[in-house]
Structures are given as C-alpha cells and as structure tokens.
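Structure at a glance
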Amino acid sequence: DAKTTQPTSMDCAEGRAANLPCNHSTISGNEYVYWYRQIHSQGPQYIIHGLKNNETNEMASLIITEDRKSSTLILPHATLRDTAVYYCIVRVGTGGFKTIFGAGTRLFVKA
Amino acid sequence: GAGVSQTPSNKVTEKGKYVELRCDPISGHTALYWYRQSLGQGPEFLIYFQGTGAADDSGLPNDRFFAVRPEGSVSTLKIQRTERGDSAVYLCASSPTTGSSTDTQYFGPGTRLTVL
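Description of the structure in this document. This is a predicted model, so every value here is computed, not measured. (Residues numbered from 1 in each chain as written. Chains lettered and ligands numbered in written order. Predicted model: local features only at pLDDT ≥ 70, side-chain atom pairs only at ≥ 80, totals over all residues. Heavy atoms only, no water.)

1. A look at the overall build of chain A
- Counting its regular elements, chain A contains zero helices and nine strands.
- Reading the secondary structure of chain A in the N-to-C direction produces β-β-β-β-β-β-β-β-β.
- Relative to its length of 111 residues, chain A is compact, with a C-alpha radius of gyration of 13 Å against a globular reference of 13 Å.
- Viewed in the frame of its principal axes, chain A has a C-alpha envelope of about 45 × 30 × 25 Å.
- A buried classification covers 42% of the 111 residues belonging to chain A.
- Taking the intrachain contacts of chain A between residues at least 6 apart in sequence as the baseline, contacts between residues at least 24 apart amount to 55%.
- For chain A, the distance from the average position of its 11 positive side-chain charges to the average position of its 9 negative side-chain charges is 5 Å. (Helix = DSSP H or I, 4+ residues; strand = E, 2+ residues; numbered from the N terminus. Rg over C-alpha atoms; globule rule 2.2 N^0.38 Å. Buried < 20%, exposed > 50% of the residue type's maximum accessible area, 1.4 Å probe, protein only. Contact = heavy atoms within 4.5 Å. Lys, Arg positive; Asp, Glu negative; His and termini not counted. Charge placed at Lys NZ, Arg CZ, Asp CG, Glu CD.)

2. Section: unusual backbone geometry
- The omega torsion of the bond from Thr7 of chain B to Pro8 of chain B falls at -10°, within 30 degrees of zero and hence cis.
- Here Pro8 of chain B lies in the loop between strand E1 (5-7) and strand E2 (10-13).
- One non-glycine residue with positive phi stands out, namely Ser41 of chain A, at about 70°.
- Tracing the sequence through the fold places Ser41 of chain A in the loop between strand E3 (33-38) and strand E4 (45-50).
- Positioned with a positive phi, Arg68 of chain A is a non-glycine residue whose angle comes to about 65°.

3. Concerning the sheet that holds strand E6 (residues 61-64) of chain A
Residue and element names in this part refer to chain A.
- Read from one edge of the open sheet, four strands run E2-E7-E6-E5, paired in antiparallel fashion. Edge positions in the sheet fall to strand E2 (18-23) and strand E5 (55-56), since each has one partner strand and no second.
- Strand direction decides the pairing type here: E6 and strand E7 (residues 70-75), joined by four bridges, are antiparallel. From the neighbouring strand, Ile64 faces E7, where its bridge partner is Ser71. (Pairing = 2+ DSSP bridges.)

4. With respect to the layout of surface pockets
- Roughly 710 Å³ of internal volume is contained in the largest pocket.
- Lining the largest pocket are 31 residues, with His40 and Ser41 of chain A together with Gln37, Leu39 and Gly40 of chain B positioned closest to its centre.
- Listing elements by their share of the lining of the largest pocket, those giving two or more residues are strand E8 (84-90) and strand E9 (105-110) of chain A together with strand E9 (88-95) and strand E11 (111-115) of chain B. (1 Å grid on protein atoms, 1.4 Å probe; cavity = no way out; pocket = protein on both sides within 12 Å on 5 of 7 lines; lining within 4 Å. Points joined across faces, edges and corners; volume = space filled by probe spheres on them.)

5. Side note on the pairing of E2 of chain A
Residues and elements named next belong to chain A.
- Taking every second residue as pointing to the same face, the buried face of E2 carries Ala18, Leu20 and Cys22, while none of Asn19, Pro21 and Asn23 on the other face is buried.
- When E2 meets E7, the two strands line up antiparallel, connected through six bridges. Paired with Leu20 across the strands is Leu73, a residue of E7.

6. Observations concerning the packing of aromatic side chains
- Following the criterion strictly, the structure yields 12 aromatic pairs over all chains and no others.
- Note on Tyr34 of chain A and Tyr36 of chain A: the rings are 6.3 Å apart at their centroids and 15° apart in plane angle, and the pair reads as stacked.
- Residue Tyr34 of chain A is classed as buried on the basis of its relative accessible area of 0%.
- Residue class for Tyr36 of chain A comes out buried when judged on its relative accessible area of 2%.
- Between Tyr36 of chain A and Phe107 of chain B, the ring centres sit 5.8 Å apart and the planes meet at 85°, which makes this aromatic pair edge-to-face. A residue pair is termed interchain when its members come from two chains, as with Tyr36 of chain A in strand E3 and Phe107 of chain B in strand E10 (residues 106-107). One exposure class covers both Tyr36 of chain A and Phe107 of chain B, and it is buried.
- Here the aromatic residues Tyr34, Tyr36, Tyr46, Tyr87 and Phe101 of chain A together with Tyr33, Tyr35, Phe45, Tyr48 and Phe107 of chain B are joined through ring pairs into a cluster of three or more.
- The aromatic ring of Tyr34 of chain A is capped on one face by Arg91 of chain A, whose charged end is 5.8 Å from the ring centroid. (Phe/Tyr/Trp six-rings, centres within 6.5 Å; stacked < 30°, edge-to-face > 60°. Lys NZ or Arg CZ within 6 Å of the ring centre and 35° of its normal.)

Next comes the structure, spelled out in structure tokens:
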C-alpha cells in the first residue's frame, strides 16, 4: 500500500485559503488520492478524490503534481468550522479495498 | 437521505464481557467497512464486507473480534472477552458499489467503547 506523509498540524486565518500538503511518493499508477476530514467527535467525511487531473468541488480543490508523488488540498476560504483533522489517503488498487489512514493534519482555523 | 447509523453511541462494559456493536449502512450500499480509532490516531481498518461475505478481514486484531452481515445490510461487530485495550471508537462506513478504487466511503458517527 502506498503511504502518505502529512504535516502534523497547521494554522490558517479565517477567510484565507488553507493549503494542506501530502506526499505519496510510492503511489501506483492505478491508485487514487482521496481526502477525508474528521471534525471532533464525528466520523470521517469525504472531501474529494482524484487520479492525475486537478479536481474541484463545492468543498475544496485538489492539485496533484504531474509525477503524482504529491498533492495539495485547498480550502479556498477557510471558516472556523473547517477546523478538523484532514487525512490524505491512497486507495489500495488491488487485493482488497481497505483504506489505510495515517495520523492526518490537524488544521486550526483561527479568527 | 439517511446516512450510516451506529448503535449504541456509547458503550461501557467491564473487562471480560461480550459486546455487540451495530451498523446500519446507507440503503443500497453493497460494501461495508469497520474501523477502530484510538485517541489521537487515524482510523484503523478492521474488516470489509461485500454483500454478506467478509472480503477482507485482515485487520481484525485477534479471534476475539468477529463481524457478521447476514442479509447484506446491517452488520454487527462482536467482541468477546473484552480487554481494556479494546477501548476505542468503532467506526462503520458503507459505499455504493462493489469496491473499486473510486468508491467513496460514507462514515457513521461511531460507537465509543469503554472497557473498565
């Protein structure tokens, strides 16, 4: 399984863009990058996923480097409610469908 | 529509007791997952069901843990002879298809298990 590396924590000012990096240098060609977040005392929530093209939805944008060894999740206008742990995950492509979570990045959005 | 629900939300038990944790997936979702999350850590995969069968149970820590999904919908995670180290939040997730790399998993709120 490809592993991911994320900073332990980050701060962001309310209203500013939050850019959360993730390294996944051993990603395989058929593996997708997924982002989830977990707000305190809740289950993880899906945010976005991508293979190699940049993706955008109502929650965030996902920028994947051309070599696919890293990606960045962008929350364009962070709010206090975006304070959460953000998990970058690479899905297992064959042999099973379990999702391996790392420790994630704890994002603090400050007023 | 309704999301994934889990009951109970909290369970306190004594060491050595048997517990059952229930998960109701989103209607129509064929894939169901169980995870365990300890304080300050990411969720840890336990088992994955495709329909009624356990397609991957490699994450179950030992034979005290068992899960069933007899009708391909509701699932029960069963823990025998609980130990204090079993204390954690147990998360359930479901996804709509047969488990491809593009499946999105929808998580429930979890059951907080405390073993005294």
